[in-house]
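Breakdown of the fold
So you can see what is in the structure, the chains are spelled out below.
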Amino acid sequence: MPDRKLLVLGLCAFLAVLAFMTLGARGNWSFVLTFRGTKLAALLLVAAAVSLSTILFQTLSGNRILTPSIMGFDALYLLVQTGLVFALGEFGYATLLPEAKFAFEVVLLTVAALALFGSLLGNGLQDLFRMLLVGVIFGVLFRSLTSLLQRLIDPNEFAVVQGAMFASFNSIDTELLLASAVLVLACCGLAWRKRHILDVMALGRDQAISLGLDHRRELFHGLALVTLLVATSTALVGPVAFFGLLVSALTYEFLKTHRHGNLMIASMLIAVIVLVGGQTLFERVLGFGGSLSIVIEFLGGLVFLFLIFRKARA
Amino acid sequence: MRLTVRRLPSSELLWFAAVTGLLAGLVLASLAIGAADAGLADLLQSKDGLELFLISRVPRTCAALLAGASLAVAGVIMQMLARNRFVEPATAGTGECAALGLLVVTMAMPSSTIFLKMAVSCCAAFGGTAVFLALVQKLPPTQPLLVPLTGIIYGGVIAAITTFIAYENDLLQYLGVWMNGEFSGILQGRYELLWASGLVALAAYLYADRFTIAGLGRDAAVGLGLDYRHVLIVGLGIVALITSFTVITVGMLPFVGLVVPNIVSHFHGDNARRTLPLVALTGGTLVLASDVAGRLLRYPYEIPAGTVFGVVGTGVFLWLLFARPAHAR
Amino acid sequence: MIEIENVSFRHGRTPVLRDVSLKIAKGGITALIGPNGAGKSTLFALMARLLPLQSGRIRFDGLDVTQSLSMDLARKLAILRQDTSVASRIAVREMIGFGRFPHHLGRPSAVDREKVDAALAMFDLEDISARFIDELSGGQRQRVLVAMAYAQDTDYLLLDEPLNNLDMHYARNLMRQLRTLADTHGKTIVVVLHEINYASAYADFIVALKNGEVAANAPTADVMQESTLGGIYGMDVRIREMEGKLVALHHV
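Residues numbered from 1 in each chain as written. Chains lettered and ligands numbered in written order. Predicted model: local features only at pLDDT ≥ 70, side-chain atom pairs only at ≥ 80, totals over all residues. Heavy atoms only, no water.

**Notes on the overall build of chain A**
The condition is simple: Labels follow the DSSP assignment, with helices taken as runs of H or I lasting at least four residues and strands as runs of E lasting at least two, numbered in each case from the N terminus. Only protein chains enter the area calculation, which uses a 1.4 Å probe; residues under 20% of their type maximum are buried, those over 50% are exposed, and those in between are partly exposed. Contacts were defined at the residue level, with two residues in contact if any of their heavy atoms lie within 4.5 Å. Only the protein chains shown count as cover for residues, with accessible areas throughout obtained via the Shrake-Rupley method and a probe of 1.4 Å.
A tally of helices and strands in chain A yields 13 helices and 0 strands. Its helices and strands in sequence order give chain A the pattern α-α-α-α-α-α-α-α-α-α-α-α-α, from N to C terminus. Classification of the 314 residues of chain A by burial places 54% in the buried group. Long-range pairs, those at least 24 residues apart, make up 78% of the contacts in chain A between residues at least 6 apart in sequence. Surface exposure of chain A reaches about 13,600 Å², of which carbon and sulfur atoms provide 68%.

Listed below in structure tokens is the structure:
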């Protein structure tokens, strides 16, 4: 029964959080708790944002091998970082107000995405894949522009940008956390309210319309939520491309249900387990630095290939 | 094998003439432009100038032409084998696999000869593209756009693996060189592999009819007596060779294999025997144009040809997506 | 003559064809019919060497499909599959020209060009010979593919449900053209058909498959009997004669 499975997941997530907060802690407890607490909050937000956005996106696109991050957001993000370093220099970049930078990035990414969605003509899947392809191509374009800028930057300053290439949970601003939390929680709330509509959307365009939904409008709203979630998460910690894919694949494997209420909760819990548990494992047990995200990318990518081999069509 | 000479229809002749004219102009420009503060005539008269000319300008021009021509041909072959208009070495993981192969061999055997590096890179590209083609078989044929999407993600996964290995071994800078195509480092003695690439592309012409028939699908090909598997392997081999030659010498030039064949196909169709020469000519010309443009836009600084072509290629790709939605292949 | 001897085929663990043996005489049109899942398409694919044989033998005028070179077989039989969507952008004339590939292997001669011209004339494609096939309608494309199979100039022509995507007009045209090919050009034609009445009107022989076995193999008139058809399709079906043809009223 899904409910029992959710309890199991909840328990595991709780244990992961506990381990993260307490394992290997030395010294002043209040310091440790605050320090780790901040990081935990960021991890939880990212977990929620990425998992939810991927589940939503896969339902809307009717395909379980796609993830919203392929739409070039991470490339745009990297371009913005490189552009800022190029324009302001290393020092200028470091002294940017984090809130201003965050707001700028979220707004820019959201606007870019909405422009992309404007190309949707309501012609169904063909349209959606075309939109994705457009996003992907822009991703390639942004990457090439980024590498161009990188060559014009002083090698020392390049290190700053290199750091931005992979998601990092190590240095996050508290104020940003608050803003992100508001955004993510708002999106979660909206998505939760739409959970029954999503169940119908999952049946496909034709079925959804015949059951009375305004497919194009729901698609747009859903994608807007996805964008906001991805933009927030990227602006907070950086690009996390295949993490969502890994989480959604695990969710569908674990829960043999199509009800979005359960799927959304389960996916968030699984995301927490993977991210928090994984981070604990890497930092405390294995002693690696910040390469968790790369490993997740790799695993997620493998999942992707495996899914294609299994002809996974929603 | 004798090549029969046919009378070319006027539209093709026109295309040939136009592109060749453009090419001539570009070659001249390419030989004349450079950071050295001298005109072409002066350059050729001084001893140092002549040396610069022979060691840098001529090789650079040749490299751009050869890379462009062979990558465009590789694109045509891939599109026929995958039966999809949007497939090319950069949207099928071929380039990324070639880079991975290079990285692995550079790490494992840093002092190996360039031929060994080439061989490993080529095998990696071959294997990686074969895997991609196998993946493509599993995708629903009613959604042709899923193929390049899958290819790009697949390439992204390979790139993630490669980046991870490079990151952990401090070789990230190397990776940048292979993944971003540009011609500024071309010198005599450092680019000759591209001639090999050009030869391979030329050899592809011998198989032109077979590739076209393969592009009709496996069943049609078998029905016409073709050894489909053999053609597939030869095609893959050609693509892998060309990609590895290009990646190791100048870096990956995305969109060349996509844009050029599609433009030529729009006007002249998909009969390889007719279109391969046009594709090669157009590919070489466009890449040279990108290189020249890259040298002029912010003179005397250079923008990599790969970037210039990437920007233009993006525009053309978008046009392909929106102007001909049903003809994705 | 097409000799099919003891052909069995499994898809995974499911048997699709069970020890099928039959001979198809040279000349005329033989229709291959049967209910869904009877194994028609599988038998077709095995005959056309698109699927490798698991057991048994298939020979065309003595040429074994497993032993012979694919190129030799291509000069003996031409195939037209169900899926006729051709995505390549090739001119009609060149497409038909590819039908000559087994003969010229890339170096077409005057003979090949003549055959292509003959095919264009026969299927009324001269007006559109320079157009690209991806710009043609479904019916026109079908004609081009049949013309291509015709240009391949083989003794045998195998077609797998060619009428599926055609409207009544083009479907009838195609069957009439097949009849002409059999009568005037002496070709042996094997067509997998879904609609029994086309088989009745145009085929000389009917081979019926049911559950992977041969349920009937006889001249058309003998198969178009109420008891025979009823047994094959598992339903009561009335047969009437209209204008000299036997018609099965399977739809009422």
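Additional details are given in the paragraphs that follow.
**Examining the environment of Ala99(B)**
Residues and elements named next belong to chain B. For Ala99, the location among the structural elements is in helix α4 (residues 94-108). Separated by 58 residues in sequence, Ala99 and Val157 have C-alpha atoms that sit 13 Å apart. Contacts of Ala99, omitting those with residues within four sequence positions, involve Thr162, Trp178, Met179 and Val247.

**Some points on the sheet that holds strand β2 (residues 14-24) of chain C**
To summarise the sheet geometry, strands pair through backbone hydrogen bonds and adopt either a parallel or an antiparallel arrangement. Residues and elements named next belong to chain C. Using the following cut-off: In this description, strands pair whenever DSSP reports at least two bridges between them. Here the axes come from fitting lines to C-alpha atoms, over the contacting stretch only for helices, and the angles between their N-to-C directions go from 0 to 180 degrees.
Strand order in this open sheet of 4 strands is β2-β1-β4-β5, and the pairing throughout is antiparallel. Each edge of the open sheet is held by one strand with a lone partner, namely β2 and β5 (63-64). Pairing of strand β1 (residues 2-11) with strand β4 (residues 55-60), which is carried by 5 bridges, proceeds in the antiparallel orientation. Opposite Glu3, over in β4, you have Arg59 as the bridge partner. Its contacts with the sheet put helix α1 (residues 40-47) on β1, β2 and β4, and the angle it makes with β1 is roughly 120°.

**Looking at the packing of aromatic side chains**
How two aromatic rings sit relative to each other is set out by the distance from centre to centre and by the angle between their planes. Here is the rule: Only Phe, Tyr and Trp rings are paired, with Trp represented by its six-membered ring, and only when their centres lie within 6.5 Å; those with planes under 30 degrees apart are stacked, over 60 edge-to-face, the remainder tilted. Our definition puts a charge over a ring when NZ of Lys or CZ of Arg is within 6 Å of the ring centre and also within 35 degrees of the ring normal.
Following the criterion strictly, the structure yields 6 aromatic pairs over all chains and no others. Centre to centre, the rings of Trp15(B) and Phe267(B) are 5.3 Å apart; their planes meet at 45°, and the pair counts as tilted. In this pair, Trp15(B) is assigned in helix α1 (residues 10-32) and Phe267(B) in helix α12 (residues 256-268), connecting sequence segments 252 residues apart. Overall, Trp15(B) belongs to the buried group, its relative accessible area being 19%. Over the ring of Phe254(A) we find Lys5(A); its NZ or CZ atom is 5.6 Å from the centre of that ring. Positioned above the aromatic ring of Tyr205(B), the side-chain terminus of Arg273(B) is 5.5 Å from the ring centre.

**Focus on the sheet that holds strand β10 (residues 213-219) of chain C**
Residues and elements named next belong to chain C. The sheet built from 6 strands is open, its strands ordered β6-β7-β8-β3-β9-β10 with mixed pairing. Whereas interior strands pair on both sides, the edge strands pair on one side only; in this sheet they are β6 (77-80) and β10. Strand after strand, the sheet turns through a mean of 15° between neighbouring axes, direction not considered. Taken together, the 5 bridges between strand β3 (residues 28-33) and strand β8 (residues 188-192) define a ladder with parallel strand orientation. From the neighbouring strand, Leu32 faces β8, where its bridge partner is Val192.

**Concerning the packing of α4(B) against helix α7 (residues 172-179) of chain B**
All names here are of chain B. What counts is decided by this rule: Left-handed describes a crossing whose near helix is turned anticlockwise from the far helix by less than a right angle; the clockwise case is right-handed. In this count, Pro and Cys sit with the nonpolar residues alongside Ala, Val, Leu, Ile, Met, Phe, Trp and Tyr, while Asp, Glu, Lys and Arg are called charged and the others, Gly among them, polar.
Running from N to C, α4 and α7 cross one another at 145°; their axes reach a closest spacing of 10 Å. Crossing handedness for the pair α4 and α7: right-handed. Every residue of α7 that contacts α4 at Glu96, Ala99, Leu102, Leu103 and Thr106 is listed here: Tyr174, Trp178 and Met179. The residue makeup of the contact of α4 with α7, split by class, is 6 nonpolar, 1 polar and 1 charged.

**Brief notes about the nonpolar core**
Our working rule: In this text, buried Ala, Val, Leu, Ile, Met, Phe, Trp, Tyr and Cys residues form a nonpolar core when linked through side-chain atoms within 4.5 Å.
Residues Phe183(B), Met47(C), Ile96(C) and Leu178(C) are the most contacted members of the largest nonpolar core, which totals 274 residues. In terms of residue count, helix α3 (residues 47-82) of chain B provides more of this core than any other element does, 15 residues in total.

**Let's talk about the pairing of strand β11 (residues 238-242) of chain C**
Across a regular strand the side chains alternate sides, sitting on one face of the sheet and then on the other. Residue and element names in this part refer to chain C. Examined bridge by bridge, β11 and strand β12 (residues 245-249) share 5 bridges and lie antiparallel to one another. Across the sheet, residue Arg238 finds its bridge partner in β12, namely Leu249. Joining the antiparallel neighbours β11 and β12 is a turn of 2 residues, in which Glu243 adopts a positive phi near 50°.

**Some details on unusual backbone geometry**
All names here are of chain C. Its identity is not glycine, yet Asp124 carries a phi of approximately 60°, on the positive side. Along the polypeptide, Asp124 turns up in the loop between α5 (110-122) and α6 (138-151). Positive phi, close to 55°, is recorded for Asp153, a residue that is not glycine. If you trace the backbone, Asp153 turns up in the loop between α6 and β7 (156-160). Judged by its relative accessible area of 33%, Asp153 falls in the partly exposed class.

**Describing the confidence of the model for chain A**
Do not read the predicted coordinates in detail wherever pLDDT is low. Note the cut-off: The quantity called pLDDT is the predictor's confidence in a given residue, expressed from 0 to 100.
In the predicted model, chain A carries a mean pLDDT of 78, and the fraction of residues at 70 or more is 81%. The lowest-confidence element of chain A is helix α6 (residues 155-164) of chain A, averaging 62 in pLDDT; the highest-confidence one is helix α8 (residues 195-201) of chain A, averaging 89.

**Looking at the confidence of the model for chain B**
All names here are of chain B. Mean pLDDT over chain B works out to 83, with 92% of the residues at or above the 70 mark. This model gives residues 1-7 a pLDDT under 50, and the stretch forms 10 contacts once residues within four places in sequence are excluded. Below a pLDDT of 50 lies the segment residues 325-329, which in the model reaches 18 contacts outside its immediate sequence neighbourhood of four places, other chains included. With pTM at 0.80, the complex prediction returns an ipTM value of 0.83.

**Overview of α1(B)**
Cut-off, in case you're wondering: Expected helix span is taken as 1.5 Å per residue step, with the number of steps being one fewer than the number of residues.
In this model, α1(B) (23 residues) spans 33 Å end to end at C-alpha, consistent with the 33 Å of a helix rising 1.5 Å per residue. When we look at burial in α1(B), the residues that qualify are Glu12(B), Trp15(B), Val19(B), Leu23(B), Leu26(B), Ser30(B) and Leu31(B).

**A closer look at empty space enclosed by the protein**
Residue and element names in this part refer to chain B. Defined as follows: In this analysis, the protein atoms alone were mapped onto a 1 Å grid. Cavities are point sets where a 1.4 Å probe fits without being able to get out; pockets are open sets with protein on both sides within 12 Å along at least five of seven lines; lining residues have an atom within 4 Å of a point. Grid points are joined across faces, edges and corners, and a volume is the space filled by probe spheres set on the points.
For the coordinates displayed, the defined rule picks out 8 cavities of 30 Å³ or more. A volume near 90 Å³ is recorded for the second largest cavity. Where the lining of the second largest cavity is concerned, the elements lending two or more residues are α3, α12 and α13 (272-297). It is α12 that contributes the most residues to the lining of the second largest cavity, 4 residues altogether.

**Notes on the arrangement of the chains**
Of all 2 pairs of chains in contact, the one with the most contacts involves chains A and B. What separates chain A from chain C at the closest point of their C-alpha atoms is a distance of 17 Å, and the two make no contact.

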